[in-house]
2 protein chains.
Amino acid sequence: MYELHFAVPMAGAVLCTLNSRHDSSMVSVLLRHSEAKIIFVDHQLFEVACEAIQLLEQGDSEPPKLVLILDSEHGSSPASLSSNVYEYESLIASGSCEFEVRRPKSEWDPISINYTSGTTSMPKGVVYSHRGAYLNSLATVLLGGMGSMPVYLWTCPMFHCNGWCLTWGIAAQGGTNICLRKVSPKAIFETIALHNATHMAAAPTVLNMIVNSPVSDRRLLPNKVDVLTGGSPPPPQVLAEMEEMGFRICHLYGLTETYGPGTYCTWKPMWDDLPSDEKSRIRARQGVHHVGLQEVDVRDPETMASVPTDGKTMGEIMFRGNTVMSGYFKNQKATEEAFKGGWFHSGDAAVKHPDHYIEVKDRLKDVIISGGENISTVEVETVLFSHPSVLEAAVVARPDDHWGETPCAFVVLKEGCNTVTAQQLIDYCRDRLPHYMAPRSIVFQDLPKTSTGKVQKFILRERAKAMGSLS
Amino acid sequence: MYELHFAVPMAGAVLCTLNSRHDSSMVSVLLRHSEAKIIFVDHQLFEVACEAIQLLEQGDSEPPKLVLILDSEHGSSPASLSSNVYEYESLIASGSCEFEVRRPKSEWDPISINYTSGTTSMPKGVVYSHRGAYLNSLATVLLGGMGSMPVYLWTCPMFHCNGWCLTWGIAAQGGTNICLRKVSPKAIFETIALHNATHMAAAPTVLNMIVNSPVSDRRLLPNKVDVLTGGSPPPPQVLAEMEEMGFRICHLYGLTETYGPGTYCTWKPMWDDLPSDEKSRIRARQGVHHVGLQEVDVRDPETMASVPTDGKTMGEIMFRGNTVMSGYFKNQKATEEAFKGGWFHSGDAAVKHPDHYIEVKDRLKDVIISGGENISTVEVETVLFSHPSVLEAAVVARPDDHWGETPCAFVVLKEGCNTVTAQQLIDYCRDRLPHYMAPRSIVFQDLPKTSTGKVQKFILRERAKAMGSLS
């Protein structure tokens, strides 16, 4: 996939990387929508691809050509390849070194389509331009503090916003790419030690895995490792523990529609002497826009008025600039909606602090309204996370006849901590939050997640709805 | 000048920084040519500015408005200001904070005009665009390995290619700017120690001053200091001594026409174990183009054919891309000449090594042709520099009835080394160079320089010409 991030654009074609966890039915939907002409597929996913193509053939779509990527170490070739399947290495070996690079006619031409990972229902194809990808690559390298020749450990998948544009960024800095077949804390520690990795990027879920890993899986870090994290607000507890282990966290924020990173919480030296928990609280803010983006703001989605910088008034995070998507592929309606008023609407509810740093409070549609008060589910989750027995937590609205909605928490406890009761957790929250914000119901249950580690709250909301009213 | 690098473009105007060493006559020529409307002038240069305006008034040009910048520490206000002179701080204090930022209509609009510093005769006004300045700022920050919040010591003047675009680049990284009223090795060492400077940029002349400074002027560096150097090829000897003192040198190359830095000698780990002199020899190469530039090449200026990567065949360095000037202001003819064949012609003679790193051999017009052989004056100077008694050296062509031209060296000896004779230096060169390349004549004499520290070879060539033929 890394090689193809260069080969495909240089051939004048458009990249469309697919999530490796999609099933064949989703793959066939995306192949049809993207009008893909060629699929490059790793041997581990060969069957999924073949099934997806069969599904396409059952429709009236012309199936794409298939190129199979074998791995001499981990995989073997299927006994026989059918005549319309090519093998990657031999296909390349048969090509000419004197190939012509097909430059884009305009820098605004598309370089890739990234299907959103589906915290909502139907994926949308987010179109990136060459210009935007170039600028976001440089901006991400700069905000990540990558000097010449970084050693980058890939834990954030390359199919996710083209690896936050670091597929191209690492190459621009002459870096080394370290890829893992399977991401686990043990593999992360071993790989860092083996290759002296200097940088990695990971969703908070991965950070959570790291700080909760058994000591026997860990290694001393050979050097400071800079970790770019984003995708959801990282719990302060997790940030603090990562820092203690020798990682240096840069918290960034963005969406598929902003080429991945759009803002980051750039650190001010004046914060160095704050207590550790205060530092983690600040580091969890989404911060300011990077040098590749024109502007980020928090605005009222109806009036488009900018909210005051009081750290309290909620609005919607909006973006504009070169590193905002060109639009949704073949979806004019969704594109127009997303760009209503001339800004891209993120769907995230946030406040602006007096220093203009923004802080996400919730997804706009996740905000719980209880007795007329807005409750940020992220704030409730942060308190739950600070409980020593809690491994994961997600809070959603549960319909309520009296209050309208009440907070309902889905919780996964750490191993060996299953004596904690729902009431204990509720009391814990009531000690630390305004009464109305504390969960009224706690469900101990695994959390449904997308392949990039985001909790799928719409599924939890349905479960909470099915539970009916408490009052 | 730093503030004005932001204020002037934000007012929708075009910057034109002038060399602080120009005399009033040159300043009046540039004011007229640039059609300047307002001059901002430091109190130290107030008289020069007033004289220049008087010269303008003697012509028929409307004189620009004058804004005087006082310095509470070092300067005092002239007794009385005439009615058409404004004082900077009070002028700003009288303005409104609710000003309107006038964005450029197009990103290709001019942001600045930089007059070439005149190693040739008449200055030309090099036009920079907003787009080019943005890209070169980021590229220079990246190649200089500047992380977040660098502490930058200004020794390369801001009037020189807008400080190699680091006026904007340092701001983009949230850095601190340290300015010196007067650049001297003592001031450099003291300032680095006082402010923990992390980066500086300096012409090789300044590096030469540093390595030849008395030990009493030096301080231990509080940290590694990254030094960007360029403007002329740095002598390997100087590079080696700087590295020993704890500076880390990044050698870059460019011209006013390429917004300052265009290429840099990015370091390969495989070179780490080479002997020190070999490392310095490699570090003196101009290297490869940075991420902001489309392409650099070495081509035959007549046929436009790319020279082979043999490290031997000389051609002219040519550039193309976003960070090449828009053109020379009001000089269509010079612009067309400079862009002949679709590439910007640098006027520098160079070779391409097998790894595609370029190496400047000489200015095209400085190359000496002796008995039909090309002689790179830079190579001869490098040998002279390696002599322990030589402080500075510049080699030019001396007309010769028999050979056509022969190399003539102008040399400045180090203090206490004036017993060295011309013949000793000639013998020293003959031991280390092909016979025809060694200087035939040595002149002990101070070197004429531009304000940015470049030796003015055209003056030396005239002197050598006046000496007549040796044969």
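Residues numbered from 1 in each chain as written. Chains lettered and ligands numbered in written order. Predicted model: local features only at pLDDT ≥ 70, side-chain atom pairs only at ≥ 80, totals over all residues. Heavy atoms only, no water.

A. Quick peek at the overall build of chain A. A tally of regular secondary structure across chain A gives 15 helices and 22 strands. Relative to the globule expectation of 23 Å for 471 residues, the C-alpha radius of gyration of chain A, 23 Å, shows essentially globular dimensions. Its C-alpha atoms give chain A principal-axis dimensions of roughly 70 × 50 × 45 Å. In chain A, the proportion of contacts linking residues at least 24 apart, taken out of those at least 6 apart, comes to 66%. (Helix = DSSP H or I, 4+ residues; strand = E, 2+ residues; numbered from the N terminus. Rg over C-alpha atoms; globule rule 2.2 N^0.38 Å. Contact = heavy atoms within 4.5 Å.)

B. Here's a closer look at the pairing of strand β17 (residues 358-363) of chain A. Residues and elements named next belong to chain A. Most of β17 is tucked away: 5 of the 6 residues are buried. Judged from the 5 bridges that link them, strand β16 (residues 344-352) and β17 form a sheet pairing that is antiparallel. Bridging from a neighbouring strand, K352 pairs with I358 of β17. (Buried < 20%, exposed > 50% of the residue type's maximum accessible area, 1.4 Å probe, protein only. Pairing = 2+ DSSP bridges.)

C. Layout of the interface of chain B and chain A. Taken together, the contact between chain B and chain A spans 19 residues of the former and 19 residues of the latter. Counting the surface lost from both chain B and chain A, the interface buries some 1,500 Å², and carbon and sulfur atoms represent 56% of this. When the area that chain B buries against chain A is broken down by residue, the three leading residues are L142, M149 and V291 of chain B, summing to 33%. Between chain B and chain A we count 2 salt bridges in total. When the shortest N-O distance is used, the salt bridge between E107 of chain B and R131 of chain A registers 2.7 Å. Summed over the shared surface of chain B and chain A, the result is 4 residue pairs in polar contact (both at pLDDT 80 or more). For the side of chain B that touches chain A, the leading source of residues is helix α5 (residues 130-143) of chain B, giving 6 residues. Its residues assigned to classes, the side of chain B that touches chain A shows 10 nonpolar, 5 polar and 4 charged. (Buried area = accessible area lost by both parts, 1.4 Å probe. Salt bridge = Lys/Arg side-chain N within 4 Å of Asp/Glu carboxyl O. Polar contact = N/O pair within 3.5 Å; in protein donor to acceptor, adjacent residues only side chain to side chain. Nonpolar A, V, L, I, M, F, W, Y, C, P; charged D, E, K, R; others polar.)

D. Local environment of the pattern of salt bridges. As enumerated under the stated definition, the model contains 42 salt bridges over all chains in all. When the shortest N-O distance is used, the salt bridge between E381 of chain B and K457 of chain B registers 2.6 Å. Placement of the pair is E381 of chain B in helix α13 (residues 377-385) and K457 of chain B in helix α15 (residues 457-467), with a sequence separation of 76 residues. An identical accessibility class is assigned to E381 of chain B and K457 of chain B; each is buried. Beyond isolated ion pairs, a larger network of salt bridges with shared partners links E107 and R131 of chain A together with E107 and R131 of chain B.

E. Examining the packing of helix α2 (residues 24-34) of chain B against helix α3 (residues 46-58) of chain B more closely. All names here are of chain B. It is at 8 Å that the axes of α2 and α3 come closest, and there the two elements cross at 60 degrees. Classified by the angle between their axes, α2 and α3 sit oblique to one another. By crossing handedness, the relation of α2 to α3 is classed as right-handed. Where α2 approaches α3, its residues S24, S25, V27, S28, L31 and R32 are matched on the opposing element by V48, E51, A52, L55 and L56. Looking at the contact of α2 with α3 residue by residue, the class counts come to 6 nonpolar, 3 polar and 2 charged. (Axes fitted to C-alpha atoms, helices over the stretch in contact; angles between N-to-C directions. Parallel < 35°, antiparallel > 145°, perpendicular 65-115°, else oblique. Left-handed = near helix turned anticlockwise from the far one by under 90°.)

F. Quick look at the packing of aromatic side chains. Taken as a whole and assessed by the stated rule, the structure comprises 20 aromatic pairs over all chains. Judged by centre distance (6.4 Å) and plane angle (65 degrees), the rings of Y2 of chain B and W154 of chain B are edge-to-face. Taken as a pair, Y2 of chain B in the segment before α1 (4-10) and W154 of chain B in strand β6 (residues 151-154) lie far apart in primary sequence, 152 residues in all. Across the pair, W154 of chain B and Y2 of chain B agree in class, each one buried. With 3.9 Å between their ring centres and 25 degrees between their planes, Y128 of chain B and Y259 of chain B make a pair best called stacked. Placement of the pair is Y128 of chain B in strand β5 (residues 125-129) and Y259 of chain B in the loop between β10 (247-255) and β11 (260-264), with a sequence separation of 131 residues. For the pair shown, Y128 of chain B and Y259 of chain B are each scored as buried. Members of the aromatic cluster, joined through ring pairs, are Y2, F6, Y152 and W154 of chain A. (Phe/Tyr/Trp six-rings, centres within 6.5 Å; stacked < 30°, edge-to-face > 60°.)

G. Highlighting the relation of the copies chain B and chain A. Between chain B and chain A, the superposition needs a rotation of 180 degrees and an axial shift of 0.0 Å, giving an RMSD of 0.1 Å. On the angle and the small slide along the axis, the relation comes out as a two-fold axis. Taken as a fraction of all interface residues of chain B, those also at the interface in chain A reach 100%, which identifies the copy contact as same-surface. (Least-squares fit on C-alpha atoms with pLDDT ≥ 70 in both.)

H. Local environment of the nonpolar core. Grouped together as the largest cluster of nonpolar side chains are 98 residues, with contacts concentrated most on I317 and F319 of chain A together with I317 and F319 of chain B. The contacts of I317 of chain A, once residues within four sequence positions are left out, are Y253, V296, D297, V298, F344, H345, S346, D348, A350, I358 and V360 of chain A. (Core = buried A, V, L, I, M, F, W, Y, C linked by side-chain atoms within 4.5 Å.)

I. The sheet that holds strand β2 (residues 65-69) of chain A, seen in detail. Residues and elements named next belong to chain A. With respect to topology, 3 strands assemble into an open sheet ordered β1-β2-β3, the strand pairing being parallel. Two strands close off the open sheet at either side, each with one partner strand: β1 (38-42) and β3 (85-87). With strand direction ignored, the average angle separating the axes of adjacent strands in the sheet is 25 degrees. Bridge count between β2 and β3: 3 bridges; the pairing is parallel. Each residue of the ladder has a partner; that of V67, found in β3, is Y86. Against the sheet, helix α3 (residues 46-58) contacts β1, β2 and β3, and its axis sits at roughly 175 degrees relative to β2.

J. Region of the structure containing the sheet that holds strand β1 (residues 38-42) of chain B. All names here are of chain B. The strand order β1-β2-β3 describes an open sheet built from 3 strands, whose pairing is parallel. The sheet is open, and its two edges are formed by β1 and β3 (85-87), each paired on a single side. Sheet twist, expressed as the mean angle between neighbouring strand axes with direction ignored, is 25 degrees.

K. Helix α8 (residues 185-195) of chain B, seen in detail. Residues and elements named next belong to chain B. Residues P185, A187, I188, F189, T191 and I192 constitute the buried set of α8. Buried positions along α8 lie against β6, β7 (176-179), β8 (199-202), α9 (204-211), β9 (225-229) and β10. Two residues or fewer after α8 comes N196, characterised by a positive phi angle close to 50 degrees.

L. Examining the confidence of the model for chain A more closely. Mean pLDDT over chain A works out to 92, with 97% of the residues at or above the 70 mark. For this predicted complex, the interface confidence reaches an ipTM of 0.86, while the overall pTM sits at 0.87. (pLDDT = per-residue confidence, 0-100.)

M. Summary view of the side chain of H345 of chain A. All names here are of chain A. Position of H345 among the secondary structure elements: in strand β16. The exposure class of H345 is buried, given its relative accessible area of 12%. Side-chain polar atoms of H345 contact the backbone oxygen of K340, separated by 2.6 Å. Those residues within four positions of H345 in sequence are excluded, and the remaining contacts are P301, M304, E316, I317, M318, E337, A338, F339 and K340.

N. Representation of the pairing of strand β22 (residues 441-444) of chain B in the model. Residues and elements named next belong to chain B. As defined by bridge partners, strand β21 (residues 404-413) adjoins β22 across 4 bridges and the pair is classed as parallel. Across the sheet, C408 pairs through a bridge with S441, a residue of β22. Note that the unit made of β21, helix α14 (residues 422-432) and β22 has a crossover that is right-handed. (Right-handed = clockwise from strand over helix to strand, strands pointing away.)

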